[in-house]
Amino acid sequence: MERDCLIAHGVSMVISERMMLSSDPYEVQVCRQCDLLGYHNYKSGISTCSMCKKSGHNMCTIKLPYATKLLFQELQSMNIVLRLKLTEA
Ligand SMILES: [Zn+2]
């Protein structure tokens, strides 16, 4: 049973490493009010939600694989909106 737990833990860590570290980690801004992806203006240093036009404290920065961010945006272009429900860790 202990062997099975170690294997299961190892598999989840390998998947996490392959998806988040060896792949292409990317920082995205998520609006806490509407749970959609926003954008960060590096020139002014302000993150803004393009849907509800909020900025500052309503935005949260998380790391995702770039392919995931691209999938979210492509689905959004087809009017399929995925929302990221964030909880405090
Ligand atoms: Zn928003």
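What counts as what
- Residues numbered from 1 in each chain as written.
- Predicted model: local features only at pLDDT ≥ 70, side-chain atom pairs only at ≥ 80, totals over all residues.
- Heavy atoms only, no water.
- Helix = DSSP H or I, 4+ residues; strand = E, 2+ residues; numbered from the N terminus.
- Donors = N, O, S within 2.8 Å, 3.2 Å for Na, K, Ca; no water.
- Tetrahedral: all angles 85-135°; square planar, octahedral: opposite > 155°, others 65-115°.
- Buried < 20%, exposed > 50% of the residue type's maximum accessible area, 1.4 Å probe, protein only.
- Phe/Tyr/Trp six-rings, centres within 6.5 Å; stacked < 30°, edge-to-face > 60°.
- Polar contact = N/O pair within 3.5 Å; in protein donor to acceptor, adjacent residues only side chain to side chain.
- Contact = heavy atoms within 4.5 Å.

Novice: Looking at this model, I keep getting lost on the environment of Glu 74. Mind explaining?
Specialist: By secondary structure assignment, the location of Glu 74 is in helix H2 (residues 66-77). Sequence spacing of Glu 74 and Thr 87 is 13 residues, and the spatial spacing of their C-alpha atoms is 25 Å.

Novice: Can you walk me through the coordination of the zinc ion in this structure?
Specialist: When a metal carries six donors in an octahedron, the ideal angles between them are 90 or 180 degrees, while four donors in a tetrahedron ideally lie at 109.5 degrees. For the zinc ion, the full set of protein donor atoms is Cys 31 (SG), Cys 34 (SG), Cys 49 (SG) and Cys 52 (SG), and the range of their distances to it is 2.2 to 2.3 Å. Viewed at the metal, the four donor atoms of the zinc ion are separated by angles of 101 to 131 degrees, and the geometry they form is tetrahedral. Judged by relative accessible area, Cys 34 falls into the buried class, the value being 13%.

Novice: Is there a simple way to think about unusual backbone geometry in this case?
Specialist: When glycine is set aside, most residues are seen to have a negative phi, and most peptide bonds are trans. At Asp 35, a residue that is not glycine, the phi angle is positive and equals roughly 65 degrees. Asp 35 sits in the buried class, given a relative accessible area of 10%. Here the phi dihedral of Asn 79 falls at roughly 65 degrees; this positive angle occurs in a residue that is not glycine. For Asn 79, a relative accessible area of 69% gives the class exposed.

Novice: Whenever I open this one, the packing of aromatic side chains confuses me. Can you help?
Specialist: The geometry of an aromatic ring pair comes down to the distance between the two centres and the angle between the two planes. In total, this model carries one aromatic pair according to the counting rule given. Between Tyr 26 and Tyr 66, the aromatic rings sit 5.0 Å apart at their centres with planes inclined by 80 degrees, giving edge-to-face as the arrangement. Here Tyr 26 is found in strand E1 (residues 25-31), whereas its partner Tyr 66 is found in helix H2, with 40 residues between them in sequence. When its relative accessible area of 35% is taken as the criterion, Tyr 26 is described as partly exposed.

Novice: Is there a simple way to explain the side chain of Ser 47 in this structure?
Specialist: Mapped onto the elements, Ser 47 comes out in strand E3 (residues 46-48). Note on Ser 47: relative accessible area 12%, which makes it buried. Looking at Ser 47, its side chain comes within polar contact range of the side chain of His 40, at 2.7 Å. Excluding residues within four positions of it along the chain, Ser 47 makes contact with Gln 29, Tyr 39, His 40, Lys 54, Ser 55, Gly 56 and Met 59.

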